[in-house]
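Examination of the molecular architecture
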Amino acid sequence: MGIPLLQQFHVGGYVVRQHLKGRKRYPLVLMLEPLFRCNLACAGCGKIDYPDKILNQRLSVAQCLEAVDECGAPVVSIAGGEPLIHSELHKVVEGIIARKKFVYLCTNALLMEKKLDLYKPSPYFVWSVHLDGDRGMHDHSVCQDGVYDKALAAIHKAKERGFRISINCTLFSNADPDRVASFFDSVKDLGVDGITVSPGYAYERAPDQEHFLNRERTKNLFRDIFRKGRGGRKWAFNQSSLFLDFLAGNQEYHCTPWGNPTRNVFGWQRPCYLLGEGYVGSFKELMEGTDWDAYGTGNYEKCADCMVHCGYEATAVTDSVRKPLKALRLALRGIETEKPMVPEIRLDKQRPAQYVFANHVEKKLSEIEQAKARPKTMEKVG
Ligand code: SF4
Ligand code: SF4
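Now for a quick tour of the structure. (Residues numbered from 1 in each chain as written. Chains lettered and ligands numbered in written order. Predicted model: local features only at pLDDT ≥ 70, side-chain atom pairs only at ≥ 80, totals over all residues. Heavy atoms only, no water.)

**A few points about the overall build of the chain**
Along the chain, the regular secondary structure elements total 14 helices and 9 strands. The C-alpha radius of gyration of the chain comes to 20 Å, within 12% of the 21 Å expected for a compact globule of 382 residues. The C-alpha extent of the chain, read off along each of the three principal axes, is 75 × 50 × 45 Å. In the chain, buried positions account for 56% of the 382 residues. In the chain, the proportion of contacts linking residues at least 24 apart, taken out of those at least 6 apart, comes to 77%. Total accessible area on the chain stands at roughly 17,300 Å², and carbon and sulfur atoms take up 52% of it. Of the charged side chains in the chain, 53 are positive and 46 negative, and the gap between their average positions amounts to 5 Å. (Helix = DSSP H or I, 4+ residues; strand = E, 2+ residues; numbered from the N terminus. Rg over C-alpha atoms; globule rule 2.2 N^0.38 Å. Buried < 20%, exposed > 50% of the residue type's maximum accessible area, 1.4 Å probe, protein only. Contact = heavy atoms within 4.5 Å. Areas by Shrake-Rupley, 256 points an atom, 1.4 Å probe, with all protein chains shown as cover. Lys, Arg positive; Asp, Glu negative; His and termini not counted. Charge placed at Lys NZ, Arg CZ, Asp CG, Glu CD.)

**What about the packing of helix 1 (residues 5-20) against helix 12 (residues 309-322)?**
Running from N to C, helix 1 and helix 12 cross one another at 80 degrees; their axes reach a closest spacing of 11 Å. Relative to helix 12, the element helix 1 lies roughly perpendicular. Where helix 1 abuts helix 12, its residues Val15, Val16 and His19 lie against Val317, Thr318, Val321 and Arg322. Of the residues contributing to the contact of helix 1 with helix 12, the split by class is 4 nonpolar, 2 polar and 1 charged. (Axes fitted to C-alpha atoms, helices over the stretch in contact; angles between N-to-C directions. Parallel < 35°, antiparallel > 145°, perpendicular 65-115°, else oblique. Nonpolar A, V, L, I, M, F, W, Y, C, P; charged D, E, K, R; others polar.)

**Considering the packing of aromatic side chains**
Summed over the entire model, instances satisfying the criterion amount to 26 aromatic pairs. With centroids separated by 6.0 Å and ring planes inclined at 45 degrees, the aromatic side chains of Phe183 and Phe184 adopt a geometry described as tilted. Both residues of the pair, Phe183 and Phe184, count as buried. Counting every residue linked through ring pairs, the aromatic cluster contains Phe183, Phe184, Phe222, Phe226, Trp235 and Phe237. In this structure, Arg25 is placed above the aromatic ring of Trp258, and the distance from its NZ or CZ to the ring centre is 4.8 Å. Positioned above the aromatic ring of Tyr300 is the side chain of Arg351, whose terminal nitrogen or guanidinium carbon lies 3.8 Å from the ring centre. (Phe/Tyr/Trp six-rings, centres within 6.5 Å; stacked < 30°, edge-to-face > 60°. Lys NZ or Arg CZ within 6 Å of the ring centre and 35° of its normal.)

**What about the nonpolar core?**
In terms of nonpolar packing, the biggest core is built from 117 residues, with Ile78, Met112, Trp127 and Phe184 touching the most fellow members. Not counting residues up to four positions away in its chain, the partners in contact with Met112 are Leu84, Thr107, Trp127, Val129, Ala154, Ala158 and Ile165. (Core = buried A, V, L, I, M, F, W, Y, C linked by side-chain atoms within 4.5 Å.)

**Overview of the pattern of salt bridges**
For the coordinates displayed, the defined rule picks out 26 salt bridges. Here Arg161 ties to Asp117 by a salt bridge, and the two come within 2.6 Å at their closest N and O atoms. Of this pair, Arg161 sits in the loop between helix 7 (147-160) and strand 5 (164-171) while Asp117 sits in the loop between helix 5 (112-115) and strand 4 (125-130); the two residues are 44 residues apart in sequence, bridging distant segments of the chain. The salt bridge partner of Lys326 is Asp319, with a shortest N-O separation of 2.7 Å. (Salt bridge = Lys/Arg side-chain N within 4 Å of Asp/Glu carboxyl O.)

**So, the site of ligand 1**
All residues in the neighbourhood of ligand 1 are listed as Cys38, Leu40, Ala41, Cys42, Cys45, Ile48, Gly81, Asn108 and His130. For the shell around ligand 1, the residue count by class is 6 nonpolar, 3 polar and no charged. (Near = heavy atom within 4 Å.)

Take a look at the structure:
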């Protein structure tokens, strides 16, 4: 298990308190995207295909911390785009740590060495470095040679300074289980504290549409990987054992999209980190005004192949809290890779995909223009 005890107690206590309060829906991890600009253009990325005027938008430090307070989740994952491009990101991180919340700073590590002095090691802070496999796999995935070596150099430097490091590994249909298993072995030697692994979501805006996994291939891939690592016990994952069990086709989970609510330059994103189907101005509006039953595998075409942690980890964590012995047994025995898989969710009643991206972009561009025009008008009036 790659999650330290302090975090396990903190998050576990939070989940139990939510249950005692009778809250039906509560957030576990705030996904904070302070910008969409990135210094890479990965083939499987669906987050950066915006006009420059939107890529140049930033959430301010105050907006980021307001989102953290509004949401109240015990963990904040800072994503993007490349968050380290944000010139004041260290202040956001400091503010989150001061609130005693755990912060995962997701980065492709190209700017990490340069920015390291701005950050201090803390039990509440983790560098989550994007690494999709060994040198060949990763550089192929991010469409640029040399990125793996830069990430490794940054990891070494950060380890020397006492930081906690996790790697964030997304797998696609071309993943070779032997190579993935060897890669997981190798990150242990690097001193990496934990691994977050997930199948890539089939983003409609990603340049490469050929290599996304469907659910059947995802489950077989993860079984093949776990077989090579004592049912997954060989490696320190940041995710719950029940989520990993779900990836291997042993749990019939439904998505919990409100578990990882997302705040970005558009507002609070509906319904989840992966899908931008609408935006609202407050966390309360997101939680209370979203038709949650309209989303998730079986409910919506765009969710059909999704098995990503930001939708299903919260389901697994809730199950772990309700059935701690089941989770403990699994952690001790490892993930079962030979038994028949649980039945797949039926897709015959899902509603068809709606394509709303262009409308959101147009609306945002017009807001940006209006905001630019505002001070000029005031000057004239004054
Ligand atoms: S996947 Fe991450 S590193 Fe790659 S382009 Fe997208 S935001 Fe940048
Ligand atoms: S299944 Fe859940 S997490 Fe996945 S895209 Fe749909 S709403 Fe988002």
